[in-house]
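# Examination of the molecular architecture
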Amino acid sequence: VWMVGTNGPAMNNLNTSQRTTAGSAGSLSSVIWGDGGTEPISVLEILLILLASVLPAVVYVVGFSDMGMGVQVYNQMSPTKISLMGDGVLAASVLLMAALYVVDVFYWKSRLLQTIAFLVPFCMLSAGLCMKSRKYPWAPLVFTLMLNPAFVSVLRGTLAKTTSRSAFYKTLAFCNTLVSIALVAGWSAWMVGGHQWNRGTKDGLAARCDLIYENIFSEFPLNYAAHCHPDTGGTATFGTATALGIKAACAKAASIWFLVWASPLFAAVTYVILSLFCFMHSLTGHQGAPAMIRAIKQFVICLIVLLGGMYCSVSFTSLELGSTLMAFLAAAMTVVVLWTFMEVGSEALVHMVGESHFGRLLAKFWRNDFVRAMGVGATNVFIPVYVALNMLNQKCRKLRGTAMNDGRFTQQAEWLVEELSTWNWAGILCWVAIIAELIFMLQVGVSKATYIFLSWLSELLAQIDFGIVCVLVFVIGNLMFMLPPVPGIPVYVFTGIVIADQGSRKLSDDDTTGFIMGTVIACGIAFLNKLVACTLQYLIGYFMGNSIKIQQLISVDSVPTRAIESIVKRRGLDIGKVMILIGGPDWPTSVGCGIVKANVPQMLLGTLPIIFLCSPCVVAGAFISRQGMGGEDSIYPMLANVSLLVATVAQTMAMFVAGLCILKEIEDKGEELSKHRPEHDAVSELTRKEQHARELYKEITSFKTLGLFDKAVLIVMAAATEFSVFFMVVMGTSCFKPFSVDKDIAAPYEEGGLNGKPWTIVEPIGWAAIGAFGFGVLLHYIHKKVMGSRLKAALKENPPR
């Protein structure tokens, strides 16, 4: 919508000189919010920023935490009819926002009417999210996350438009930090006052959430003491299906009152993240292209961190936790994209492409079908929705006499439609399917199947001598490292579970001493396992790298690959080298080092700090192995989750620094890295020879020349693979039974097992999603075979010269 505003009727309000300035290549500061502003921040702006930071936190704590009226609010929102009303209110708010866009609410002359028009859907959206809080307990947290950026965006685009970027974002970061400190301090004092997380607090929260228990189960009202209490509750008198439903409902209710208890802490973490994001923006300077380029680099780094977090999320031992984290990180990525684009501006991005090497590199990346497929996959249905709404918007402008052209779309949408028509849609849709297939492999093939395998293996090794167990764990870990899609975290966690558990039983008469000794040994085995795996993966890459085709596949003659090669070949413990080696995906990183012929001892030296990343995962596995000890109030599950969180944060921070170092290498040595290298002549020659075939394939698969059936196959293929994977990720708890590596496959469903049937981890709706995904993969295979046969025929008719 903001993009449309840059070229919409508001442009009529600019005089000729202003239009010239807005379109000139030398005035980047005029198209970036506040970037050209040199005015100091005023007291009023500081107070408004403080209000924008404090108000959402106050609403959240008072309305959704046990420090306020959280239990009462969740109780009142628990009836099914309230949830259904929430669906209606949310749908109405979305339709109203679409209608306001169609009637050009952004260009209404009356500020009062504009304010009312914005407030109505905002209030409807807020109410709808509250009404859905029983089904989606985290909705208020997302609401809090969105309120602060929304208020700040309004302030930045109006009153603080000419304020210095650095001053504005430093003030915002400072205010958010103060709020986070206040939240932690208030919550800590409240806990000390008699609200520690113990059996008494749990029973008290559950007793006050009586309406939630009455409405949480669809068949009949539940009673916490009779159905859910760990000591007095039970489901033995019910059938298996009903017992499973009661268990799931009890867990859902428990997650609600736990969220009510811990919500101030979650809000504090949210504000810390916002503070860091704002502080990064404050470092971009005051004006011109350099400031904007730094902002874009920070945006790219944020995407690297979020993608790294999504990669790590498939490694969580809890399937439900991994799916939730994946969805949350995807939402955070959307926020980062929108905020950064609104801060930088569309015209500034166009100017940057012609003014900087980094901008030209980003433009080259964007023209890549894979990158465009990621954008299409992220927006999917929103593209046709936007086009349809824009057609209605243009008709409305024609009726009002404010249209700037006679076409079916506004100027901005015409540019978008024209740009999209030039894209290689056959290639993009194939990449959409490939990305979905990769996510499926990670989210199902790795996450679910690996955990089932490790659970089975852990039970099998429990009967073997400790020394033999250590050797077997080492060998099995190395074999898993050799599988490209398997990340290292499940291997480390598995090592901690098995070795620590066996140590507590066999290394000492004292259970605690044996547990500690086993955990230390497990850390050593995991560390050694990583170093050996790196060497073996390096050898794979070393021999594969002799193939010119393999060199071409990893683009050894491209600037980014050469930048990474330059960094990993540095000697010693260079920060960039270390972060790439320990922060990058395990298999691709080590294999890539072999392909570029990095020095093995130097590579292993740079990998030594992995001990700080693998140890928290091993410790988490050790704590997971003791989850059954201590009863319902055991502290071990919390310690396991904290350890995994530490490992994930460390991994994403390593990726963050690695991304920063790669971008700096490209900036500092871009010209040198782009120079011709004789050793890459063979790759260039292979690329030249294949150019004819690529051009023919592009002609054959051009969307304009494809038949209706071929287009239908491509569209259905992309839709089936993407939407089925999206459903399995976002609705993971509906598609798969909750299962973690510490559970016994043979245990009954009620105890977190799979009743001896591993395939039952997939629920019926999950099988339907897998079936849709399989249909999409079949269509992908058919398309590739048909296009391949057509290419062979075309090469016979038109052979390369």
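The structure contained in this document is the topic of the report that follows. (Residues numbered from 1 in each chain as written. Predicted model: local features only at pLDDT ≥ 70, side-chain atom pairs only at ≥ 80, totals over all residues. Heavy atoms only, no water.)

## Looking at helix α34 (residues 764-797)
With 34 residues, α34 extends 50 Å from end C-alpha to end C-alpha; this agrees with the ideal 50 Å at 1.5 Å per step. All of the buried residues in α34 are Gly-766, Ala-769, Ile-770, Phe-773, Gly-776, Leu-779, His-780, His-783, Met-787, Leu-791 and Ala-794. (Helix = DSSP H or I, 4+ residues; strand = E, 2+ residues; numbered from the N terminus. Expected span 1.5 Å × (residues − 1). Buried < 20%, exposed > 50% of the residue type's maximum accessible area, 1.4 Å probe, protein only.)

## Re the side chain of His-229
Topologically, His-229 is positioned in the loop between α11 (224-228) and α12 (240-282). At 3.3 Å, the side chain of His-229 and the side chain of Asp-203 are in polar contact. Once residues lying within four places of it in the same chain are set aside, the contact partners of His-229 are Arg-199, Asp-203 and Tyr-224. (Polar contact = N/O pair within 3.5 Å; in protein donor to acceptor, adjacent residues only side chain to side chain. Contact = heavy atoms within 4.5 Å.)

## So, the packing of helix α23 (residues 511-544) against helix α28 (residues 600-607)
When two helices pack together, you describe them by how their axes are tilted relative to each other and by the distance separating the axes. Contact geometry of α23 with α28 gives a least axis separation of 10 Å together with a crossing angle of 145 degrees. Crossing handedness for the pair α23 and α28: right-handed. Across the interface between the two elements, Lys-530, Leu-531, Cys-534, Thr-535 and Tyr-538 from α23 touch Val-600, Met-603, Leu-604 and Thr-607 from α28. Here the contact of α23 with α28 is composed, by residue class, of six nonpolar, two polar and one charged. (Axes fitted to C-alpha atoms, helices over the stretch in contact; angles between N-to-C directions. Left-handed = near helix turned anticlockwise from the far one by under 90°. Nonpolar A, V, L, I, M, F, W, Y, C, P; charged D, E, K, R; others polar.)

## A few points about the pattern of salt bridges
Counted by the stated rule, this structure contains 12 salt bridges. In this structure, Asp-66 and Arg-208 form a salt bridge, with 3.0 Å as the shortest nitrogen-oxygen distance. Taken together, the residues span a long stretch of sequence, with Asp-66 in the loop between α3 (43-64) and α4 (70-76) and Arg-208 in helix α9 (residues 199-208) at a distance of 142 residues. Classification of Asp-66 by relative accessible area gives buried; the value is 12%. Where Arg-372 meets Glu-419, a salt bridge forms, and the shortest distance between an N and an O atom there is 3.7 Å. (Salt bridge = Lys/Arg side-chain N within 4 Å of Asp/Glu carboxyl O.)

## Quick notes on the packing of aromatic side chains
Under the defined criterion, the tally for this structure stands at 19 aromatic pairs. Note on Trp-197 and Trp-257: the rings are 5.9 Å apart at their centroids and 40 degrees apart in plane angle, and the pair reads as tilted. Taken together, the residues Trp-197 in the loop between α8 (165-192) and α9 and Trp-257 in helix α12 connect sequence positions 60 residues apart. Of the residues examined, Trp-197 reaches a relative accessible area of 31% and is grouped as partly exposed. Exposure remark for Trp-257: the relative accessible area of 5% places this residue in the buried category. The interplanar angle of 35 degrees and the centroid separation of 6.3 Å between the aromatic rings of Phe-515 and Phe-623 together place this pair among those described as tilted. (Phe/Tyr/Trp six-rings, centres within 6.5 Å; stacked < 30°, edge-to-face > 60°.)

## Quick word on the nonpolar core
By size, the foremost hydrophobic cluster in this structure holds 58 residues, and its most contacted members are Tyr-492 and Ile-499. Taken together, the elements giving at least two residues each to this core come down to α20 (425-461), α21 (466-481), α22 (488-506), α23, α25 (559-568), α26 (575-583), α29 (611-624) and α30 (636-673). (Core = buried A, V, L, I, M, F, W, Y, C linked by side-chain atoms within 4.5 Å.)

## Quick notes on the packing of helix α18 (residues 382-400) against helix α19 (residues 411-421)
The contact between α18 and α19 brings their axes to 10 Å, and the two run at 140 degrees. Comparing their axes, α19 and α18 come out oblique. For the crossing formed where α18 meets α19, the hand is left-handed. On α19, the residues touching Ile-383, Tyr-386 and Asn-390 of α18 are Gln-412, Ala-413, Leu-416 and Leu-420. (Parallel < 35°, antiparallel > 145°, perpendicular 65-115°, else oblique.)

These figures capture arrangement, not role.
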